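Architecture at a glance
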Amino acid sequence: MSASGQDVWVYVEHLRGTVAGSTYEMLGKGREIADALGGRLAAVILGAGTQPLASTLGAADVVISVEDPSLAEFTPGAHAAVLRDLVQHRGPRVVFFGATSIGMDLAAVLAGSLKMPLAVNATDVAVEDDRLVVTSQMCGGKLLAEAQIVERPAAVTVLSGAFPAESGLSDRTPQIENVPPPPALDIRMKVRRLLEPAAGDVDITKVPVLVAVGRGLQRKENLPLAEDLAQALGGAVCGSRPTVDQGWLPLSRQIGKSGLIVKPRLYLALGISGAPEHVEGMKDAELIIAVNSDPNAPIFDVADYGAVLDMFELLPVLKDEIEKRKGMAAAS
């Protein structure tokens, strides 16, 4: 692949033989941006034994693959060093990263070391008069900021769910360009092993009804209210990261970017503000109902139905009404 200053690159995030869904979302948008700029779309994948993964990236014009045992497990120093070398020698117009812990690590290091402009938490990217226009989400989704990027190359982190993944999927077999890692790659960090949390008592990814609680629960002593409602609905309780960080729920019940991705038939969000990191884990539920005392809570942007009220006023009444109707159905 010959260098072009209008090329769009997507960093491919993967773990244990699976490409992150956000990568396909960025490939779909990257295709649109590359066409508007008159450049090419490249997927950049680093690791070891990634050939099977590279073959799934057919939406790209080319897959730039850097293989080395030292890149098998992600470490920010090693991956950033490889990307820095590639960007310096090839000069793409923009590099897209997922707004994940990995993507934010890499984008910040790359932008800082090469003095590149960096836009974060993008929900949209467009081209206007040969300028990149990036719309970013701020303050937990309550504000949107628009930045025009003229300098090149640039780095952009993209929020998961901002674009449809379907547009980045293709059955086409991509051209794969194997590139050796830079000489004397300085590896200062090594991954010895990955520690996973013990399985919980309930696999919430398989539960059809989830009652999710957030900071609005206020304290752990209020958790039985949500548990009683979940039992009445035949579901289970889960929560946002703050509820896990405060010890109200185990890690196996956490929904979001740093937790689990769920797609239940019903997702009842109680006292959850709707930060992008949480929405990433539940946005594909068949039906989303949000209850929050803040009418401007971002969770209402993704909810099918919403109620602005105190959850503690609703929970006992809702549970009693559900049990009443279940009793009437059983008696008929």
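Residues numbered from 1 in each chain as written. Predicted model: local features only at pLDDT ≥ 70, side-chain atom pairs only at ≥ 80, totals over all residues. Heavy atoms only, no water.

**A closer look at the layout of surface pockets**
- Space inside the second largest pocket adds up to approximately 480 Å³.
- Looking at the second largest pocket, it is lined by 29 residues, and the ones nearest its centre are Arg 215, Ser 240, Gly 271, Ile 272 and Ser 273.
- Classifying every residue of the lining of the second largest pocket by side-chain character gives 10 nonpolar, 13 polar and 6 charged. (1 Å grid on protein atoms, 1.4 Å probe; cavity = no way out; pocket = protein on both sides within 12 Å on 5 of 7 lines; lining within 4 Å. Points joined across faces, edges and corners; volume = space filled by probe spheres on them. Nonpolar A, V, L, I, M, F, W, Y, C, P; charged D, E, K, R; others polar.)

**Things to note about the packing of aromatic side chains**
- A full pass over the atoms with the stated rule returns 1 aromatic pair.
- Look at Tyr 11 and Phe 97: their rings are 5.7 Å apart centre to centre, the planes differ by 35°, and that puts the pair in the tilted class. On the criterion of sequence distance, the pair formed by Tyr 11 in strand β1 (residues 8-11) and Phe 97 in strand β6 (residues 94-98) is long-range, its members being 86 residues apart. With respect to class, Tyr 11 is no different from Phe 97; both count as buried. (Phe/Tyr/Trp six-rings, centres within 6.5 Å; stacked < 30°, edge-to-face > 60°. Helix = DSSP H or I, 4+ residues; strand = E, 2+ residues; numbered from the N terminus. Buried < 20%, exposed > 50% of the residue type's maximum accessible area, 1.4 Å probe, protein only.)

**So, the pattern of salt bridges**
- Within the structure shown, the criterion is met by 15 salt bridges.
- Of the charged contacts, one joins Arg 40 and Asp 7 as a salt bridge, the two residues approaching to 3.2 Å between their closest N and O atoms. One end of the pair, Arg 40, is in the loop between α1 (21-37) and β4 (41-47); the other, Asp 7, is in the segment before β1, with 33 residues separating them in the sequence.
- Residue Arg 40 is classed as partly exposed on the basis of its relative accessible area of 25%.
- Exposure remark for Asp 7: the relative accessible area of 2% places this residue in the buried category.
- A salt bridge links Arg 241 to Asp 245, with the nearest nitrogen and oxygen atoms 3.4 Å apart. Taken together, the residues Arg 241 and Asp 245, both in helix α6 (residues 241-245) and 4 residues apart, mark about one turn of the helix. (Salt bridge = Lys/Arg side-chain N within 4 Å of Asp/Glu carboxyl O.)

**So, helix α4 (residues 101-114)**
- End to end, α4 covers 20 Å across 14 residues, agreeing with the expected 20 Å (1.5 Å per residue, within 8%).
- Within the sequence span of α4, burial applies to Ile 102, Gly 103, Leu 106, Ala 107, Leu 110 and Ala 111. All buried residues of α4 lie within an arc of 135° about the axis, which places them on one face of the element.
- Contacts from the buried residues of α4 go to β1, α3 (76-90), β6, β7 (118-128) and β10 (154-158).
- Positive backbone phi, approximately 55°, marks Lys 115, located one or two places after α4. (Expected span 1.5 Å × (residues − 1). Arc of directions from axis to C-beta. Contact = heavy atoms within 4.5 Å.)

**Details of the sheet that holds strand β9 (residues 143-149)**
- Strand order across the open sheet formed by 9 strands is β9-β8-β7-β10-β6-β1-β4-β5-β11, with mixed pairing between neighbours. Two strands lie at the open edges of the sheet, namely β9 and β11 (175-178), each paired on one side alone. Neighbour to neighbour, the strand axes of the sheet diverge by 30° on average, direction disregarded.
- Sheet strands touched by α4: β1, β6, β7 and β10. Its angle to β6, the strand with the most contacts, is close to 150°. (Pairing = 2+ DSSP bridges. Axes fitted to C-alpha atoms, helices over the stretch in contact; angles between N-to-C directions.)

**Looking at the confidence of the model for the protein chain**
- Per-residue confidence for the protein chain gives a mean pLDDT of 89; residues scoring 70 or more make up 95%.
- Across the protein chain, element-level confidence peaks in β1 with a mean pLDDT of 97 and bottoms out in helix α9 (residues 311-331) with 86. (pLDDT = per-residue confidence, 0-100.)

**Comments concerning unusual backbone geometry**
- The peptide bond linking Arg 152 to Pro 153 adopts the cis configuration, its omega dihedral lying at -5°.
- Mapping Pro 153 onto the fold places it in the loop between β9 and β10.
- Positive phi, close to 55°, is recorded for Lys 115, a residue that is not glycine.
- Residue Asp 130 is not a glycine yet carries a positive backbone phi of 65°.
- Position of Asp 130 among the secondary structure elements: in the loop between β7 and β8 (131-138).

**Quick word on the nonpolar core**
- Membership of the largest hydrophobic core comes to 31 residues, with the highest contact counts inside it found for Val 8, Leu 27, Phe 96 and Val 156.
- Breaking this core down by element, the ones donating at least two residues are β1, α1, β4, α2 (51-54), β6, β7, β8 and β10.
- Element by element, the count of residues in this core is highest for α1, at 6 residues.
- Val 156 has contacts with Val 94, Val 95, Phe 96, Phe 97, Leu 118, Ala 119, Ala 122 and Val 134, leaving out every residue within four places of it along the chain. (Core = buried A, V, L, I, M, F, W, Y, C linked by side-chain atoms within 4.5 Å.)

**Structural notes on the packing of helix α5 (residues 223-233) against α9**
- Relative to each other, α5 and α9 sit at 25°, their axes nearing to 9 Å. Comparing the axis directions of α5 and α9 gives the class roughly parallel. Between α5 and α9 lies a crossing of left-handed hand. For the pair formed by α5 and α9, the contact residues are Leu 225, Ala 226, Asp 228, Leu 229, Gln 231, Ala 232 and Leu 233 on the first element and Phe 312, Leu 315, Leu 318, Lys 319, Ile 322, Glu 323 and Lys 326 on the second.
- Its residues placed into classes, the contact of α5 with α9 shows 9 nonpolar, 1 polar and 4 charged. (Parallel < 35°, antiparallel > 145°, perpendicular 65-115°, else oblique. Left-handed = near helix turned anticlockwise from the far one by under 90°.)

**A few points about the pairing of strand β5 (residues 62-67)**
- Counting buried positions along β5 gives 5 out of 6 residues, so the element sits mostly inside the fold.
- Note: β4 against β5, 6 bridges, orientation parallel. In the sheet register, Gly 47 faces β5, and the bridge partner there is Glu 67.
- Two elements, β5 and β11, share 4 bridges in a ladder whose sense is parallel. Across the sheet, residue Ile 64 finds its bridge partner in β11, namely Glu 177.

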